[in-house]
Amino acid sequence: MKIVGVGCGPGMLTGAAIQAIQSAHLIVGSDRALDLVRDVLPPHAEIREIDDYKALRTLPDSAVILSTGDPMISGLGYLGGEIIPGISSVQLGAAKTGVTLTNLFLITAHGRDHDQAVADCCEMIAARRKVCIIADPAFPVRTLGQKLTEVDPKAEIIICENLGYPDEQITKGTARNPPAVQGGMFILFVINHGKS
């Protein structure tokens, strides 16, 4: 099977992703992933929305499975097969904010233990690393700010919401005065003393 990254927003399909999608006979993806590739879906292909992620391993080897962003960053890359990377929110957020990916520590907090993500972030900031957190709507940005003030009160927090979409928004703050989240789809960067 092929795991194809469709990017984190509209218009971010790579040439390799388009080629894999257009040559497929079975394409499976979430509603959001299918929406991102709607313009390039071939008329001959069977299209299925994912209703059981555990069943993905039972698909035929010829199947193309769509993964939002990049399959290897909180995506479906764990399924194996041929992986075609996509443009992730991490890559796009770094490009939009000027935060380099060198020495960046990536934390996935989407649907995971938020307290552990906050603790890991504080540990990395204390070690002078930059951090990117892939968050979910319930991620406690204010709690992160409070904990960061014990490590680096001047740490910069940058929230990137709805990256790649028309309502994209980037807001900046500090550990002492963290930016507020407006929506549910966001990542955030945390940087020592505003240095990137």
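Conventions used here
- Residues numbered from 1 in each chain as written.
- Predicted model: local features only at pLDDT ≥ 70, side-chain atom pairs only at ≥ 80, totals over all residues.
- Heavy atoms only, no water.
- Salt bridge = Lys/Arg side-chain N within 4 Å of Asp/Glu carboxyl O.
- Buried < 20%, exposed > 50% of the residue type's maximum accessible area, 1.4 Å probe, protein only.
- Helix = DSSP H or I, 4+ residues; strand = E, 2+ residues; numbered from the N terminus.
- Expected span 1.5 Å × (residues − 1).
- Arc of directions from axis to C-beta.
- Contact = heavy atoms within 4.5 Å.
- Polar contact = N/O pair within 3.5 Å; in protein donor to acceptor, adjacent residues only side chain to side chain.
- 1 Å grid on protein atoms, 1.4 Å probe; cavity = no way out; pocket = protein on both sides within 12 Å on 5 of 7 lines; lining within 4 Å.
- Points joined across faces, edges and corners; volume = space filled by probe spheres on them.
- Nonpolar A, V, L, I, M, F, W, Y, C, P; charged D, E, K, R; others polar.
- Axes fitted to C-alpha atoms, helices over the stretch in contact; angles between N-to-C directions.
- Left-handed = near helix turned anticlockwise from the far one by under 90°.
- Lys, Arg positive; Asp, Glu negative; His and termini not counted.

### A closer look at the pattern of salt bridges
Within the structure shown, the criterion is met by 2 salt bridges. Of the charged contacts in the structure, one is a salt bridge between Glu-46 and Arg-48, with a shortest N-O distance of 2.8 Å. A residue is classified by how much of its surface remains accessible, and Glu-46, at 41% relative accessible area, is partly exposed. Measuring nitrogen to oxygen at the nearest pair gives 3.1 Å for the salt bridge that ties Lys-96 to Glu-168. Note that Lys-96 is positioned in helix H3 (residues 89-97) and Glu-168 in the loop between strand S8 (156-161) and strand S9 (169-174), a separation of 72 residues in sequence. The exposure class assigned to Lys-96 is partly exposed, which follows from its relative accessible area of 46%. Its relative accessible area of 25% is what places Glu-168 among the partly exposed residues.

### Topic: helix H4 (residues 114-126)
Along an α-helix, a turn takes 3.6 residues, which lines up residues three or four apart on a common side. With 13 residues, H4 ought to run about 18 Å at 1.5 Å a step, and its terminal C-alpha atoms sit 18 Å apart, in line with that. Where H4 is concerned, the buried positions are His-114, Ala-117, Val-118, Cys-121, Cys-122, Met-124 and Ile-125. In an axial view of H4, the angular spread of the buried residues amounts to 165°, which keeps them on one side of the axis. Opposite the packed face of H4, turned more than 90 degrees from it, sit the exposed residues Asp-115, Glu-123 and Ala-126. Where H4 is buried, its residues contact strand S6 (104-108), strand S7 (130-134), helix H5 (141-149) and strand S10 (186-191). The opening residue of H4 is Asp-113, an N-cap whose side-chain oxygen sits 3.0 Å from the backbone nitrogen of Asp-115. Of the residues trailing H4, Arg-128 is marked for its positive phi of about 70°.

### A closer look at the layout of surface pockets
In this structure, the largest pocket encloses a volume near 790 Å³. In this structure, the largest pocket is lined by 31 residues; those nearest its centre are Arg-32, Thr-68, Ser-74, His-110 and Ile-134. Looking at the lining of the largest pocket, the elements with two or more residues in it are helix H2 (31-37), strand S4 (64-67) and S10. Class assignment for the residues of the lining of the largest pocket results in 15 nonpolar, 13 polar and 3 charged.

### Here we look at the packing of H4 against H5
The contact between H4 and H5 brings their axes to 10 Å, and the two run at 35°. The handedness of the crossing between H4 and H5 comes out as right-handed. Along its contact with H4, which presents Val-118, Cys-121, Cys-122 and Ile-125, the element H5 presents Leu-144, Lys-147 and Leu-148.

### Focus on the side chain of Asp-152
Mapped onto the fold, Asp-152 is located in the loop between H5 and S8. Buried charge without a salt bridge: Asp-152, with Arg-128 as the nearest opposite-charge side chain at an N-O distance of 4.9 Å. For Asp-152, the residues in contact, after removing those within four places along its chain, are Ile-125, Ala-175, Asn-192 and His-193.

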